[in-house]
2 protein chains.
Amino acid sequence: MDKTIVVALGGNAIKQAHEKGTNEEQFKNVGTACSAIMNLIKEGYEVVITHGNGPQSGNLMVQQEAAKNKVPAMPMDVVGSMTQGQIGYMIQQTLQNLIAQEGKDIPVATVVTQVVVSKDDPDFEDPSKPVGNFFTKEEAEALAAKERYVINPPPGKEFLEKKMAGYVIKQVKPTGDRPFRRVVPSPDPIRVAEAKAIKVLVDAGTVVIASGGGGVPVMEKDGGILAGLDGVIDKDKAGERLAEAVNADIFLVLTDIEVVYLNFGKENQKTVNKMTVAEAKKYLEEGHFLAGSMGPKVLACIRFIEEAKGEKAIITSLDKVGDAMKGKTGTVIVP
Amino acid sequence: MDKTIVVALGGNAIKQAHEKGTNEEQFKNVGTACSAIMNLIKEGYEVVITHGNGPQSGNLMVQQEAAKNKVPAMPMDVVGSMTQGQIGYMIQQTLQNLIAQEGKDIPVATVVTQVVVSKDDPDFEDPSKPVGNFFTKEEAEALAAKERYVINPPPGKEFLEKKMAGYVIKQVKPTGDRPFRRVVPSPDPIRVAEAKAIKVLVDAGTVVIASGGGGVPVMEKDGGILAGLDGVIDKDKAGERLAEAVNADIFLVLTDIEVVYLNFGKENQKTVNKMTVAEAKKYLEEGHFLAGSMGPKVLACIRFIEEAKGEKAIITSLDKVGDAMKGKTGTVIVP
């Protein structure tokens, strides 16, 4: 039987930092990413794809803000679902076209995906994920006075209860003209709500795009009732839950860098090509991996081996997928 | 084996005309629609859902326009894919919650869907579907001077070749302050690109939401290569292609009115509770059904019986689904 691989595309695979993010630019980037994925399909892997959505949801939020007097803005769960449609469509069409060019008949489909988090997640008491523009002190105070934002609140359950968790502004930089920014909860993903449907498609040989942008964040209330929330789930940690859902053999995390570093940016920095789970945990604990960057990726890989009983997880860059799959570069995490 | 029913929700099932379209309003309306659908699920039907997206894509286009100096606007195919994510998410979560409340275990999933049209469709030569705001003559001329719109162009293939088909402004009202409006192609749907994946899900007992907003409009080029286009496909005609894709037994078109009228609005108007395909064709030819309203719905029902070999098609309103399914009201179209 073919091996199943979950590919987690980084944000730069769809919109690069220096780009405006026109439709043409995004389709071009998706084309490059899909060429790498097409090679995996041609090698016989059953491929499942997940992706970030930071630039796309950011753009939608700018548009919502600009038209807020004419059209009601949507909360972040809905914005997330929109970007799943958008990015899913781009990847789906591009891969379908590459598959058609190869004369193959492999279906591709995007499933709109909710990812379930705990209503008791600590991030609801002290939101951690900065989103959107930076503000001056005056701008932050004006926002708080006019809308329902609170500035630098003390952590506590009251935000969740008052549905305030999505409306916190924090001073995220110690100094500077614009040190304030909106922060939202980034709760830990527990499971993919659409796991069954996704598994049915994968088992039928479909290339599935799912859990985009970390999934639409929902919390589970009594009786299994789901409710969307203003927040963002880390896409690599959500991607690992997706890999669990489809019993993946390999979890491939694509990012800006070719290989993982220890002591990154220091004099004694060195690359690491292979880590056991025990080593990865030790390095993580020692602070080798940044919280907003390599940390969640390594954590997702550890979970994939430990909780999903995966064969191996690989971290590398999009242009090195071929070599990394052969073990020539990248960082592999194994039991 | 359970019968398969495709339900086509009208635009007012998600955002009513008098509403602003806040997230709360839309979820409330979706709740009402899903309660009616839940009754079909409880009766044992295998349900597939499609829906309109007019108000949602209109709102996104207003937001894009308001922020166009900061964020690149997306073409209509991409806007359509965004609304599929948004509305799919709302329906999916609401139905999942209703199913959980019933103690049932039935998966629900939204598939991002492209609908294929012919590159030779006559609507590309003479776009017919008005979208967005009304303009004065001066506003229309200012738009044409600044952007790449053309006003009241003669029909012809050159629009498609110059990728102009999405950038036409026509005088759509004979008089008035603002008689001008953007018109886009509304080509006839041929097939659902993701038919295989959708069928796999339906066969596995999944409630599928697909082809939202008439599907993301794509045309097929040589070698089966798909490309998005600036246009809108009629959601009922696309819903019929979806019904073909899943071998549906029943096609249920939900709209504002409970039953179809002949001579609508005239002194001799009368309701029609049952039409054979031959009768429906005759009435359509005689002009009983408006082009932008009941016309495409009746045409979709005719196709469902003739081309998809369906058992019956029903046109009624959301609040009358139960009675219409029992034949007590609504209009049924049969072979």
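Since the model is a prediction, treat every value here as computed from it, not as a measurement.

Digging into the interface of chain B and chain A
Here is step 1: Each partner contributes residues to the interface: chain B has 54 residues there, and chain A has 54 residues.
Here is step 2: Here chain B packs against chain A, burying approximately 4400 Å² in sum over the two surfaces, 63% of which is carbon and sulfur.
Here is step 3: In this structure, the connection of chain B to chain A is made through two salt bridges.
Here is step 4: At the boundary of chain B with chain A, the tally comes to 18 residue pairs in polar contact (both at pLDDT 80 or more).
Here is step 5: Counting residues per element, the side of chain B that touches chain A draws most heavily on helix 3 (residues 76–101) of chain B, at 13 residues.
Here is step 6: Taken together, the residues of the side of chain B that touches chain A break down into 26 nonpolar, 22 polar and six charged.

Let's talk about the domain arrangement of chain A
All names here are of chain A.
Here is step 1: When the domains of chain A are assigned, the result is domain 1 (4–115 + 195–334) and domain 2 (124–184).
Here is step 2: Contacts between the two partners involve eight residues from domain 1, matched on the other side by ten residues from domain 2.
Here is step 3: Across the domain 1 to domain 2 interface the summed buried area is about 660 Å²; carbon plus sulfur atoms make up 67%.
Here is step 4: It is Met219, Asp230 and Val232 in domain 1 that bury the most area against domain 2; as a group they hold 49% of the surface buried on that side.
Here is step 5: In this assembly, domain 1 and domain 2 are joined by one salt bridge.
Here is step 6: Between Arg182 and Asp230 there is a salt bridge, with its nearest N and O atoms 3.8 Å apart.
Here is step 7: Here domain 1 is connected to domain 2 by zero residue pairs in polar contact (both at pLDDT 80 or more).
Here is step 8: Among the residues forming the side of domain 1 that touches domain 2, the class breakdown is five nonpolar, one polar and two charged.

Structural notes on helix 3 (residues 76–101) of chain A
All names here are of chain A.
Here is step 1: Under the 1.5 Å per step criterion, the end-to-end length of helix 3 is 37 Å for 26 residues, consistent within 8% with the ideal 38 Å.
Here is step 2: Among the 26 residues of helix 3, 24 are classified as buried, and the element is accordingly described as predominantly covered.
Here is step 3: Looking one or two residues past helix 3, Gly103 carries a phi angle of roughly 70°, positive in sign.

Thoughts on the pattern of salt bridges
Here is step 1: In the structure shown here, the tally under the stated rule is 38 salt bridges over all chains.
Here is step 2: Glu139(A) is paired through a salt bridge with Arg178(A); the nearest N and O atoms lie 2.6 Å apart. Highlighted residues: Glu139(A) in helix 4 (residues 137–146) and Arg178(A) in the loop between strand 7 (168–171) and strand 8 (180–184), separated in sequence by 39 residues.
Here is step 3: A relative accessible area of 31% means that Glu139(A) is categorised as partly exposed.
Here is step 4: With its nearest N and O atoms 2.6 Å apart, the salt bridge here joins Glu244(B) to Arg241(B). With Glu244(B) and Arg241(B) both in helix 7 (residues 235–245), this residue pair falls three residues apart, about one helical turn.
Here is step 5: On the basis of relative accessible area, Arg241(B) is assigned to the buried category, the value being 9%.
Here is step 6: When salt bridges with common partners are traced through the structure, they connect Glu240(A), Arg241(A), Glu244(A) and Glu307(A) into a single cluster.

A short note on the relation of the copies chain B and chain A
Two copies of one chain are present, and they are related through a rotation about an axis combined with an axial shift.
Here is step 1: In screw terms, the move from chain B to chain A is a rotation of 180° and a rise of 0.0 Å along the axis, fitting with an RMSD of 0.1 Å. What we have between these two chains is a two-fold relation.
Here is step 2: The fraction of interface residues of chain B whose copies in chain A are also interface residues reaches 100%, indicating that both copies meet through the same surface.

Let's talk about the packing of aromatic side chains
Here is step 1: Counted according to the given criterion, the structure contains six aromatic pairs over all chains.
Here is step 2: Here Phe251(A) and Phe304(A) contribute two aromatic rings whose centre-to-centre distance is 5.6 Å and whose plane-to-plane angle is 45°, an arrangement assigned as tilted. Residue Phe251(A) is located in strand 13 (residues 250–255), and its partner Phe304(A) is located in helix 9 (residues 294–306); the two are separated by 53 residues in the primary sequence. An identical accessibility class is assigned to Phe251(A) and Phe304(A); each is buried.
Here is step 3: Seen from their ring centres, Phe27(B) and Tyr89(B) are 6.0 Å apart, and the 85° between their planes marks the pair as edge-to-face. One end of the pair, Phe27(B), is in helix 1 (residues 23–42); the other, Tyr89(B), is in helix 3, with 62 residues separating them in the sequence. Residue Phe27(B) shares its accessibility class with Tyr89(B), and that shared class is buried.
Here is step 4: In this structure, Lys173(A) is placed above the aromatic ring of Phe134(A), and the distance from its NZ or CZ to the ring centre is 4.9 Å.

Thoughts on the sheet that holds strand 12 (residues 226–228) of chain B
Residues and elements named next belong to chain B.
Here is step 1: Pairing is mixed across the open sheet formed by four strands, whose spatial order is 9-4-11-12. Only two strands of the sheet have a single neighbouring strand rather than two, namely strand 9 (189–192) and strand 12. With direction set aside, neighbouring strand axes in the sheet form an average angle of 40°.
Here is step 2: As paired elements, strand 4 (residues 114–117) and strand 11 (residues 216–220) share four bridges and run parallel to each other. When the bridges of strand 11 are listed, Gln114 appears paired with Val216.
Here is step 3: Here helix 3 sits on the sheet and contacts strand 11 and strand 12; the angle it forms with strand 11, its principal contact strand, is near 135°.

Things to note about the environment of Glu25(A)
Residue and element names in this part refer to chain A.
Here is step 1: On the secondary structure map, Glu25 appears in helix 1 (residues 23–42).
Here is step 2: You can call Glu25 partly exposed: its relative accessible area is 23%.
Here is step 3: Expressed as a C-alpha distance, the spacing of Glu25 and Val202, which sit 177 residues apart in the sequence, is 30 Å.
Here is step 4: Dropping the residues within four chain positions of it, Glu25 is found in contact with Ile14, Glu19 and Lys20.
Here is step 5: At 2.7 Å, the side chain of Glu25 and the backbone nitrogen of Gly21 are in polar contact.
Here is step 6: A polar contact is formed between the side chain of Glu25 and the backbone nitrogen of Thr22, at a distance of 2.9 Å.

Some thoughts on the pairing of strand 18 (residues 331–334) of chain A
Residue and element names in this part refer to chain A.
Here is step 1: Of the two faces of strand 18, the one carrying Thr331 and Ile333 and the one carrying Val332 and Val334 are both buried.
Here is step 2: Of the pairings in the sheet, the one linking strand 17 (residues 312–317) to strand 18 comprises three bridges and is antiparallel in character. Of the residues in strand 18, the one forming a bridge with Ile315 is Thr331.

A look at the packing of helix 1 of chain A against helix 3 of chain A
Two quantities define a packed helix pair, namely the angle between the helix axes and the distance between the axes.
All names here are of chain A.
Here is step 1: The interhelical angle for the contact between helix 1 and helix 3, taken along N-to-C directions, is 55°, at an axis separation of 9 Å. Relative to helix 3, the element helix 1 lies oblique. For the element pair helix 1 and helix 3, the recorded crossing hand is right-handed. Only Gln86, Tyr89, Met90, Ile91, Gln93, Thr94, Leu95, Leu98 and Ile99 of helix 3 make contact with helix 1, whose side of the interface consists of Asn23, Gln26, Phe27, Val30, Gly31, Cys34, Ser35, Ile37, Met38 and Ile41.
Here is step 2: Among the residues making up the contact of helix 1 with helix 3, the classes are represented as twelve nonpolar, seven polar and no charged.

Things to note about the sheet that holds strand 11 (residues 216–220) of chain A
Residues and elements named next belong to chain A.
Here is step 1: Across the sheet, four strands lie side by side as 9-4-11-12; this open sheet has mixed pairing. Sheet topology places strand 9 (189–192) and strand 12 (226–228) at the edges, where each strand pairs with a single neighbour. Strand-to-strand twist in this sheet, taken as the mean axis angle between neighbours without regard to direction, amounts to 40°.
Here is step 2: Contacting strand 11 and strand 12, helix 3 crosses the sheet at an angle of about 135° to strand 11.
Here is step 3: The sheet strands contacting helix 7 (residues 235–245) are strand 4 (114–117) and strand 9, and the helix crosses strand 9 at an angle near 40°.

Conventions used here
Residues numbered from 1 in each chain as written. Chains lettered and ligands numbered in written order. Predicted model: local features only at pLDDT ≥ 70, side-chain atom pairs only at ≥ 80, totals over all residues. Heavy atoms only, no water. Contact = heavy atoms within 4.5 Å. Buried area = accessible area lost by both parts, 1.4 Å probe. Salt bridge = Lys/Arg side-chain N within 4 Å of Asp/Glu carboxyl O. Polar contact = N/O pair within 3.5 Å; in protein donor to acceptor, adjacent residues only side chain to side chain. Helix = DSSP H or I, 4+ residues; strand = E, 2+ residues; numbered from the N terminus. Nonpolar A, V, L, I, M, F, W, Y, C, P; charged D, E, K, R; others polar. Domains from an automatic or database assignment. Expected span 1.5 Å × (residues − 1). Buried < 20%, exposed > 50% of the residue type's maximum accessible area, 1.4 Å probe, protein only. Least-squares fit on C-alpha atoms with pLDDT ≥ 70 in both. Phe/Tyr/Trp six-rings, centres within 6.5 Å; stacked < 30°, edge-to-face > 60°. Lys NZ or Arg CZ within 6 Å of the ring centre and 35° of its normal. Pairing = 2+ DSSP bridges. Axes fitted to C-alpha atoms, helices over the stretch in contact; angles between N-to-C directions. Parallel < 35°, antiparallel > 145°, perpendicular 65-115°, else oblique. Left-handed = near helix turned anticlockwise from the far one by under 90°.

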